[in-house]
Amino acid sequence: MTGKCYNIPNILESLAMDVMSGKITIEEAASELNRCNYTPYVDTVRTQTILAPYVEKISAEKGATK
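Notes on the structure follow.

## Considerations on the overall build of the chain
Within the chain, the secondary structure is distributed over three helices and zero strands. In sequence order, the chain lays out its α and β elements as α-α-α. Taken against the 2.2 N^0.38 rule, which gives 11 Å for 66 residues, the C-alpha radius of gyration of the chain at 14 Å runs more than 25% over that of a compact globule. Residue burial in the chain is summarised as follows: out of 66 residues, 20% are buried. Contacts spanning at least 24 positions in sequence make up 38% of the contacts within the chain whose residues lie at least 6 apart. Roughly 5,000 Å² of accessible area belongs to the chain as shown, and the carbon and sulfur atoms make up 55% of that amount. If you average the places of the 7 positive and of the 8 negative side-chain charges in the chain, the two averages end up 8 Å apart.

## Some points on the packing of helix H1 (residues 11-21) against helix H2 (residues 26-35)
For the pair H1 and H2, the least separation of the axes is 10 Å and the interaxial angle reads 165 degrees. In this view, H1 runs roughly antiparallel relative to H2, as classed from their interaxial angle. As for the relative orientation of H1 and H2, their crossing is right-handed in sense. Contacts from Ile11, Leu12, Leu15 and Val19 in H1 reach Ile26, Ala29, Glu32 and Leu33 in H2.

## Remarks on the nonpolar core
Leu12, Leu15, Ile26, Ala29, Leu33 and Leu51 form the largest nonpolar core, which has six residues in total. Residue contributions to this core peak at three residues, all from H2. Dropping the residues within four chain positions of it, Leu15 is found in contact with Ile24, Ala29, Glu32, Leu33 and Leu51.

## Digging into H1
Leu12, Glu13, Leu15 and Ala16 are the residues of H1 that are buried. Looking straight down H1, one finds its buried side chains confined to an arc of 165 degrees; they lie on one side.

## What to know about H2
Taken together, the buried positions of H2 are occupied by Ile26, Ala29, Ala30 and Leu33. Down the axis of H2, the buried side of the element spans an arc of 100 degrees, and every buried residue falls inside it. Asn37 lies just past H2 and shows a positive phi near 65 degrees.

## Observations regarding the environment of Pro9
Tracing the backbone through its elements, the reader meets Pro9 in the segment before H1. Under the relative-accessibility criterion, Pro9 is labelled partly exposed at 34%. Once residues within four sequence positions are removed from consideration, Pro9 is found in contact with Ser14 and Met17.

How each quantity is defined
- Residues numbered from 1 in each chain as written.
- Predicted model: local features only at pLDDT ≥ 70, side-chain atom pairs only at ≥ 80, totals over all residues.
- Heavy atoms only, no water.
- Helix = DSSP H or I, 4+ residues; strand = E, 2+ residues; numbered from the N terminus.
- Rg over C-alpha atoms; globule rule 2.2 N^0.38 Å.
- Buried < 20%, exposed > 50% of the residue type's maximum accessible area, 1.4 Å probe, protein only.
- Contact = heavy atoms within 4.5 Å.
- Areas by Shrake-Rupley, 256 points an atom, 1.4 Å probe, with all protein chains shown as cover.
- Lys, Arg positive; Asp, Glu negative; His and termini not counted.
- Charge placed at Lys NZ, Arg CZ, Asp CG, Glu CD.
- Axes fitted to C-alpha atoms, helices over the stretch in contact; angles between N-to-C directions.
- Parallel < 35°, antiparallel > 145°, perpendicular 65-115°, else oblique.
- Left-handed = near helix turned anticlockwise from the far one by under 90°.
- Core = buried A, V, L, I, M, F, W, Y, C linked by side-chain atoms within 4.5 Å.
- Arc of directions from axis to C-beta.

Pasting the structure below:
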């Protein structure tokens, strides 16, 4: 029996999607990363650095679908 493949985004992908869509701000994303122990304090610069590869990936996928 073959298993089903699910495309479930991780927290970094989810935050990148939410920031790009305007659902949350970069400050809220930084706060969430701090809450999940990705950063020692709320740091927007580090959050942008962490989310940059995911933002590029999402942008490339959107460009491919247009």
